[in-house]
Amino acid sequence: MFLFMASILKRGMNELKIKRVYGDEVFHRGKAYFKEGRVLTAIRFKDRVFGVVAGTDRYVTSVRLDNLISTCTCPVRWNCKHGVALLLQFLSGNYVDGNRIMHHLENAERSELLKILKSLIEGDPMLLLNIQQTRVEPSAELRASIQRQIKEMLQSIKSGYADENFVNTFTKFIKTYGDWMDKDLILYTLESLVKSCEEYGYFYDYYNYYFSEEIIENLCDAFTKKSLETSDFKRLQKIVEEDEYSLLEPFLVRMVTPKNAPKLAKFSDHVKELLANAALYVEFLINAGKIEEARRILAESRDLSERECFNLYLRINETEALKLAKERRYYSSLIRYYHEMGAHEDVVVTFRSALREKVKLEHSPELYEEVFASIKSCKPVDSEELLRKLFDICFSSEYYSLCVEIGFELKDLKMLDRLLDKKADYSFKLDSKLKLLKYLSILDPEKAEKRLKTFAEELIDEKKDSAYEGAVECVLTLKEVMGKEEWAEYLKELYKRHYRKDKFWSKIRDKGIKVRKKGDNLIIF
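Residues numbered from 1 in each chain as written. Predicted model: local features only at pLDDT ≥ 70, side-chain atom pairs only at ≥ 80, totals over all residues. Heavy atoms only, no water.

## Considerations on the overall build of the chain
(1) Moving on: Scanning the chain for helices and strands turns up 30 helices and nine strands.
(2) Moving on: Projected onto its principal axes, the C-alpha coordinates of the chain cover approximately 90 × 65 × 50 Å.
(3) Moving on: Of all 525 residues assigned to the chain, the portion counted as buried reaches 46%.
(4) Moving on: Sequence separation of at least 24 residues holds for 60% of the intrachain contacts in the chain that already meet a minimum separation of 6.
(5) Moving on: Roughly 28700 Å² of accessible area belongs to the chain as shown, and the carbon and sulfur atoms make up 50% of that amount.
(6) Moving on: Where the 88 positive side-chain charges of the chain centre and where its 86 negative ones centre are 3 Å apart. (Helix = DSSP H or I, 4+ residues; strand = E, 2+ residues; numbered from the N terminus. Buried < 20%, exposed > 50% of the residue type's maximum accessible area, 1.4 Å probe, protein only. Contact = heavy atoms within 4.5 Å. Areas by Shrake-Rupley, 256 points an atom, 1.4 Å probe, with all protein chains shown as cover. Lys, Arg positive; Asp, Glu negative; His and termini not counted. Charge placed at Lys NZ, Arg CZ, Asp CG, Glu CD.)

And the structure:
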C-alpha cells in the first residue's frame, strides 16, 4: 500500500516540474548536490519529505510534496538547492518511509510502544512537553505562565543582541506552546519584535543574513489557527506598516502556503492589503481554493511579470495558460515551457515568431541556450539563418560563451573572430575562451600565439586558482603552436615576470612539465 502511494506521488513529480518551481540555476546546483551524495538523510512523513543536506554546513530541509515548495535552515531559507537535492533523493527512491513506520506503530503491542517511547524520551526529555501539549488542556495558570515567559524573553533581547541561540530557544517555545497562545499574545509578540528590532540587531548578521524566519513562521502558523476577526487583521496591518526592516515578510509569505491559505480564505480582502506582491496574492487565492478570482486577476492584470503570470496560470489550467501566453506573446515563457517538455519544434516556431514580430525576449543566457539546443535538436531547414540571428542577439547581449558555441556549430571563422578581443568574465566563461583560442591555434597558429600569450598574462595577474589553471592551459597550447626552443625561452621569460606566483608554477609541474628554479632562472628538463 505504502509503495503504491509513494509511486503515485512520484508519478506526478519529475525533474521538469521541480525545475519549473525552482528555476534553472537553483535546479542545476541542487542536482549537483544530489549527485555528489550530499543528502545525508531523507524521510517521508505524510505529505512532506524531511532531510539533512550537507553544504557549507548541515542544513535541515523539508519539502511539501503537493507543491514541491521547500523550507531550509540555510541562509536562502526557502526553495533553495538543498530542497532540490532532497526532492531528487525522494524521486530516486532512496529514503525512509515514515508512513510505513507509523503503520507498524499503529499495529504494535502496547508494551512495544512503551519501550520505543521510553527510549525516545531518554534521548530527548523535552519530548514530554509535546506529549503534555497533545494530551492536556492548559490551565489558566499555565496560560498565564506562557504569557509571562514570552514577555520575559522579549524583554531580555531589548538589552542585548538576539543571537541564534535565542532564536532556537524562542522558536522551540512557540512550536511547543503556539496552540495555547491566544491571538492577542501572538500580535503582541509581533509588535514587540518590530518595535525593538533596532535594539537587538533585528536578527541579522553579515554571515547568516536574517535568521528569524522560524520564529515569524511559527507565529503565523499559530495565528491562522485562531478564531480571527477583521480587527485582528487591522492590527496586523498596522504592525506591518511599522515594520521598516521587512522583519514580518516570512509571516506574510507563510500566510500564502497551502497549509494556511485555506484557513484565511474568508479574509482574502485583508490578506490582499497585507501582500504588496501581486503574484503572492494570486498564489494565495490558488492555495485558498479561490480559483475563479485568481483566474480573473491573471486574465486582467498587467502588474505581473510575464513569467509570474504564466507560471501561476499553469497551476490553474495548462491549456488556458498556453492560450493566454500566445495571445499576449509571452514568447520567453513559452520557449521555457516547450523546452522543458522536450517540444523542440515548438521552441523553434516560437523563436521564429519572436523574430518576425520583433518581440524582445527576456535577457537570459539560459533562455538562449534552450533555443540553441532546440535548433540543433530538430535541425529546421532555416537553421543557419536562425542561428545567425541568435548569434547577433547573444553578441549584443554580451553572452559570448553561447556565441562561441554558435560559431563552432556554423564553422564560421569570421563570426568567431569577433569574439577574440572580448575579455573573459561572467558573460564569457574561461572555458569558452580557451576553447576558442585552442580552435584558433589549429587554423591560424600565428594569430593564436599572440592571443594565448596575452590571455595567459591576464589570467596569471588575477591570482586565483581557476585563473592559474586557465593560464596553464594557455601555456600547454602554446607548446603545440611554438617551436620547442622558442617555447622554452617563452617559459623562462614568463618566469622572470611571475616568479613569485608559486601556485601557478606548482600547477605547471602538476601537468608533467618539469621545471626548477636555479637562482633567478628557470631550468626546464
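Here the narrative resumes.
## Comments concerning the nonpolar core
(1) Moving on: The biggest cluster of nonpolar side chains holds 136 residues, and the ones touching the most others in it are Leu193, Phe203, Ile215, Phe251, Phe284, Ile406 and Phe504.
(2) Moving on: Ignoring any residue separated from it by four or fewer positions in sequence, one finds Leu193 in contact with Leu154, Ile157, Tyr200, Phe203, Ile215, Ile216, Leu219 and Leu247.
(3) Moving on: Counting residues in each nonpolar core, the second largest holds 19 residues, with Met13, Tyr22, Val49 and Leu65 among its members. (Core = buried A, V, L, I, M, F, W, Y, C linked by side-chain atoms within 4.5 Å.)

## Observations regarding the pattern of salt bridges
(1) Moving on: Enumeration over the complete set of coordinates arrives at 39 salt bridges.
(2) Moving on: A salt bridge links Lys225 to Asp179; the nearest nitrogen and oxygen atoms lie 3.0 Å apart. You can see Lys225 sitting in the loop between helix 12 (213-224) and helix 13 (230-242) and its partner Asp179 sitting in the loop between helix 9 (164-177) and helix 10 (183-195), a full 46 residues away along the chain.
(3) Moving on: The exposure class assigned to Lys225 is partly exposed, which follows from its relative accessible area of 47%. (Salt bridge = Lys/Arg side-chain N within 4 Å of Asp/Glu carboxyl O.)

## Some thoughts on the sheet that holds strand 4 (residues 70-72)
(1) Moving on: One open sheet holds the five strands; their spatial order is 4-3-2-1-5, and the pairing between them is mixed. A single partner strand is all that each edge strand has here, and the edge strands are strand 4 and strand 5 (96-97).
(2) Moving on: Lying over the sheet, helix 4 (residues 81-92) contacts strand 1 (39-45), strand 2 (48-54), strand 3 (58-64) and strand 4, oriented at roughly 65° with respect to strand 3. (Pairing = 2+ DSSP bridges. Axes fitted to C-alpha atoms, helices over the stretch in contact; angles between N-to-C directions.)

## Some words on the packing of helix 18 (residues 306-316) against helix 20 (residues 331-340)
(1) Moving on: Remark: helix 18 packs on helix 20, axes separated minimally by 9 Å, with the N-to-C direction vectors making an angle of 45°. Accordingly, the angle class assigned to the pair helix 18 and helix 20 is oblique. For helix 18 against helix 20, the interelement crossing comes out right-handed. Contacts from Glu306, Arg307, Phe310 and Leu314 in helix 18 reach Tyr331, Ser332, Ser333, Leu334, Arg336 and Tyr337 in helix 20.
(2) Moving on: In the contact of helix 18 with helix 20, the residues fall into five nonpolar, two polar and three charged. (Parallel < 35°, antiparallel > 145°, perpendicular 65-115°, else oblique. Left-handed = near helix turned anticlockwise from the far one by under 90°. Nonpolar A, V, L, I, M, F, W, Y, C, P; charged D, E, K, R; others polar.)

## A short note on the side chain of Glu213
(1) Moving on: Inspection of the secondary structure puts Glu213 in helix 12.
(2) Moving on: On the accessibility criterion, Glu213 (14% relative accessible area) is buried.
(3) Moving on: With near-sequence residues (within four places) excluded, Glu213 lies in contact with Arg77 and Pro250.

## Some words on the pairing of strand 1
(1) Moving on: The pairing of strand 1 with strand 2 spans six bridges and is antiparallel. Counted as the bridge partner of Arg44 is Val49 from strand 2.
(2) Moving on: Where strand 1 hands over to strand 2, the hairpin turn is made up of two residues, of which Lys46 adopts a positive phi near 55°.
(3) Moving on: In this sheet, strand 5 lies alongside strand 1 in parallel orientation, the contact comprising two bridges.

## Digging into the side chain of Arg254
(1) Moving on: Looking at the element boundaries, Arg254 is found in helix 14 (residues 249-255).
(2) Moving on: A relative accessible area of 16% places Arg254 in the buried class.
(3) Moving on: Engagement of the side chain of Arg254 in a polar contact is seen with the side chain of Asp221, the distance being 2.8 Å.
(4) Moving on: Contact partners of Arg254, with chain neighbours within four places excluded, come to Thr71, Glu217, Cys220, Asp221, Lys259 and Asn260. (Polar contact = N/O pair within 3.5 Å; in protein donor to acceptor, adjacent residues only side chain to side chain.)

## Remarks on helix 12
(1) Moving on: With twelve residues, helix 12 extends 16 Å between its outermost C-alpha atoms, agreeing within 8% with the 16 Å of an ideal straight helix rising 1.5 Å per residue.
(2) Moving on: Most of helix 12 sits out of view: eleven of its twelve residues are buried.
(3) Moving on: Looking at helix 12, one finds that the buried residues are Glu213, Ile215, Ile216, Glu217, Asn218, Leu219, Cys220, Asp221, Ala222, Phe223 and Thr224. (Expected span 1.5 Å × (residues − 1).)

## A closer look at helix 22 (residues 365-378)
(1) Moving on: Compared with the 20 Å implied by 1.5 Å per residue over 14 residues, the 20 Å span of helix 22 between its first and last C-alpha is a close match.
(2) Moving on: Leu367, Tyr368, Glu370, Val371, Phe372, Ser374 and Ile375 are the residues of helix 22 that are buried.
(3) Moving on: If you follow the buried residues of helix 22, they end up packed against helix 3 (24-35), helix 20, helix 21 (344-356), helix 23 (383-396) and helix 24 (400-410).
(4) Moving on: Lys379 sits one or two residues past helix 22 and shows a positive phi near 45°.

## Some remarks on a nonpolar patch on the surface
(1) Moving on: Judged by side-chain polarity, Ile43, Phe45, Phe50, Val96, Ile101 and Met102 come together as a nonpolar surface patch covering roughly 440 Å² of accessible area.
(2) Moving on: Put simply, the parts of the chain that give the nonpolar patch at least two residues each are strand 1 and helix 5 (98-106).
(3) Moving on: Mapped onto the secondary structure, Phe45 falls in strand 1. (Patch = residues over 30% accessible without salt bridge, like charges linked within 9 Å, V, L, I, M, F, W, Y side chains within 5 Å.)

## Digging into the packing of helix 10 against helix 12
(1) Moving on: The contact between helix 10 and helix 12 brings their axes to 10 Å, and the two run at 155°. In terms of orientation, helix 10 and helix 12 fall into the roughly antiparallel class. Crossing of helix 10 against helix 12: the hand is left-handed. Packed against helix 10, whose contacting residues are Ile186, Leu187, Thr189, Leu190 and Leu193, the element helix 12 presents Ile215, Ile216, Leu219, Ala222 and Phe223 at the interface.
(2) Moving on: A class-by-class count of the residues in the contact of helix 10 with helix 12 yields nine nonpolar, one polar and no charged.

## A short note on the packing of aromatic side chains
(1) Moving on: Following the criterion strictly, the structure yields 19 aromatic pairs and no others.
(2) Moving on: Taking 5.6 Å as the distance between ring centres and 65° as the angle between the ring planes, the aromatic pair formed by Tyr337 and Tyr338 counts as edge-to-face. Of the two residues, Tyr337 and Tyr338, both sit in the buried class.
(3) Moving on: Measuring from centroid to centroid gives 6.4 Å for Tyr495 and Tyr499, while their planes differ by 55°, and the two rings are tilted.
(4) Moving on: You can call Tyr495 buried: its relative accessible area is 5%.
(5) Moving on: Take Tyr499: its relative accessible area is 38%, and that puts it in the partly exposed class.
(6) Moving on: Ring-pair connections join several aromatic residues into one group, and the members of that group are Tyr468, Tyr495, Tyr499, Phe504 and Trp505.
(7) Moving on: Sitting over the ring of Tyr188, Lys151 keeps its end group 5.0 Å from the ring centre.
(8) Moving on: The residue whose ring lies beneath Arg418 is Phe395, and the NZ or CZ to ring-centre distance is 4.1 Å. (Phe/Tyr/Trp six-rings, centres within 6.5 Å; stacked < 30°, edge-to-face > 60°. Lys NZ or Arg CZ within 6 Å of the ring centre and 35° of its normal.)

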